[in-house]
Amino acid sequence: MDDFAPQSATAPGSQGQAAVWFDSPEDRRRRHDMVRQQILARGIRQPRLIRAMARLPRHFFTHSHERLVAYDDHAMPSDHGQTISQPLIVAVMTAALDARPQQRILEIGTGTGYQTALLAMLYAQIFTVEHVRELSVAAQERLQHLGLNNISYCVGDGSKGWEAHGPYDGILVTAGAVVVPEPLLAQLADGGRLIIPIGKQKLQMLKQFERCGQEIRSTDILECRFVPLVGEYGWQLGRS
Ligand code: SAH
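As a starting point, this report considers the structure included with it. (Residues numbered from 1 in each chain as written. Predicted model: local features only at pLDDT ≥ 70, side-chain atom pairs only at ≥ 80, totals over all residues. Heavy atoms only, no water.)

1. What about the nonpolar core?
Alright, step 1. Counting residues in each nonpolar core, the largest one holds 47 residues, and the members touching the most others are Met-53 and Phe-61.
Alright, step 2. If you list the elements that add at least two residues to this core, you get helix H1 (25–39), helix H2 (47–55), helix H3 (87–97), helix H4 (114–122) and strand E5 (151–155).
Alright, step 3. Residue contributions to this core peak at nine residues, all from H3.
Alright, step 4. Counting residues in each nonpolar core, the second largest holds 20 residues, with Leu-106, Leu-185, Ile-198 and Phe-209 among its members. (Core = buried A, V, L, I, M, F, W, Y, C linked by side-chain atoms within 4.5 Å. Buried < 20%, exposed > 50% of the residue type's maximum accessible area, 1.4 Å probe, protein only. Helix = DSSP H or I, 4+ residues; strand = E, 2+ residues; numbered from the N terminus.)

2. Some points on the packing of aromatic side chains
Alright, step 1. Counting across every chain of the model gives three aromatic pairs.
Alright, step 2. For the pair Phe-61 and Tyr-114, a centre-to-centre distance of 5.5 Å together with 75 degrees between the ring planes defines the contact as edge-to-face. Placement of Phe-61 in the loop between H2 and strand E1 (76–77) and of Tyr-114 in helix H4 is noted, with a sequence separation of 53 residues between them.
Alright, step 3. The class of Tyr-114 is buried, set by a relative accessible area of 1%.
Alright, step 4. Over the face of the ring belonging to Tyr-114 we find Arg-58, whose NZ or CZ atom lies 5.0 Å from the ring centre. (Phe/Tyr/Trp six-rings, centres within 6.5 Å; stacked < 30°, edge-to-face > 60°. Lys NZ or Arg CZ within 6 Å of the ring centre and 35° of its normal.)

3. Details of the sheet that holds strand E8 (residues 204–212)
Alright, step 1. If you trace the seven strands from one edge of the open sheet to the other, you get E5-E4-E3-E6-E7-E8-E9, paired in mixed fashion. Among the strands making up the open sheet, the edge pair consists of E5 and strand E9 (215–224). Taking the axes of each pair of neighbouring strands and ignoring which way they run, one obtains an average angle of 15 degrees across the sheet.
Alright, step 2. Pairing of E8 with E9, which is carried by nine bridges, proceeds in the antiparallel orientation. Residue pairing in the sheet places Cys-212 in a bridge with Glu-215 of E9.
Alright, step 3. Contacting strand E4 (125–130) and E5, helix H5 (residues 133–145) crosses the sheet at an angle of about 165 degrees to E5. (Pairing = 2+ DSSP bridges. Axes fitted to C-alpha atoms, helices over the stretch in contact; angles between N-to-C directions. Contact = heavy atoms within 4.5 Å.)

4. Quick word on the pairing of E8
Alright, step 1. Summarising the sheet, strand E7 (residues 188–199) and E8 pair through seven bridges and their orientation is antiparallel. Residue pairing in the sheet places Ile-198 in a bridge with Met-205 of E8.
Alright, step 2. Here E8 folds back onto E9, and the loop between the two strands holds two residues, one of which, Gly-213, carries a positive phi near 65 degrees.

5. A few points about the pattern of salt bridges
Alright, step 1. Summed over the entire model, instances satisfying the criterion amount to 13 salt bridges.
Alright, step 2. Close ionic contact of Asp-27 with Arg-30 constitutes a salt bridge, the shortest N to O distance being 3.5 Å. Highlighted residues: Asp-27 and Arg-30, both in helix H1, separated by three residues, approximately one helical turn. Across this residue pair, the class does not change: Asp-27 and Arg-30 are buried.
Alright, step 3. Each of Glu-26, Asp-27, Arg-29, Arg-30, Asp-33, Arg-36 and Arg-67 takes part in salt bridges that share partners, so that together they form one network. (Salt bridge = Lys/Arg side-chain N within 4 Å of Asp/Glu carboxyl O.)

6. So, the pairing of E4
Alright, step 1. Burial within E4 is extensive, with five of its six residues counted as buried.
Alright, step 2. Where strand E3 (residues 104–108) meets E4, five bridges bridge the pair, whose relative direction is parallel. Considered in E4, the bridge of Arg-104 is made with Gln-125.
Alright, step 3. Following the backbone out of E3, through H4 and into the adjacent parallel E4, one traces a crossover that is right-handed.
Alright, step 4. Bridge analysis of E4 against E5 gives five bridges, and the strand direction is parallel. Looking at E5, one finds that Glu-130 is bridged to Val-155.
Alright, step 5. Crossover handedness for the path E4 to H5 to E5: right-handed. (Right-handed = clockwise from strand over helix to strand, strands pointing away.)

This is the structure we're talking about:
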């Protein structure tokens with residue numbers, strides 16, 4: 001795979017700052033260290049995923065003043081009080097989908113678009129839903145600029161899924177819920193997996209739900225902490 005070539009001096013959707021859209025040898029070194037120390041060392045080995053993470057400039061998705069820590073081993077704040085997930089969590093969630101390259105994936109919680117970009121590098125068609133319009137627009141500009149054109153964007157409540165394009169071979173939710181949103185299970189194709197954090201506001205279990213005909217098989221992956229999924233399946237007063 002080629003590296004993403006810088007196409008202009010300023011990154012579009014760069015959260016209001018004049019971030020330089022440039023992937024330096026130093027950025028690449030930090031990114032390769034991230035993959036070796038945080039992903040490979042923790043047992044994630046899917047070759048296509050590893051190659052995509054080594055190639056995708058994570059610092060294009062963070063605030064420009066955080067460029068030096070964009071590849072560190074933790075989640076980072078993004079706009080509108082949201083976060084860009086820890087690289088390991090992104091890798092674990094993507095690996096858990098385990099779909100085939102020609103398949104179609106639904107993502108809930110576009111956020112900065114980092115996870116969306118990885119999915120778009122790995123799978124044929126991505127559908128992504130974000131309820132904050134500004135985040136969706138900024139992510140869209142950023143991802144188009146990277147040349148990732150196999151993505152459809154929707155602004156709305158993703159806990160209802162995106163029925164018009166379903167069923168999906170995989171669904172990935174990057175915000176935490178109290179219970180599994182029924183519409184997401186309903187939009188899962190046979191053999192498809194839904195990856196979603198479920199639990200209390202302070203701590204959730206990242207879960208995998210796999211559809212086998214009418215049956216849904218659930219597996220726990222790891223403990224995690226995500227920002228809340230807004231809507232009827234999220235945390236409300238008295239439910240946390
Ligand atoms: N995957 C993102 C991180 C997402 S943070 C990244 O790589 O940057 C969680 C995102 O989910 C936030 O952007 C938040 O606005 C969005 N979100 C929360 N509830 C939602 C809902 N019901 N529908 C769609 N998006 C939602």
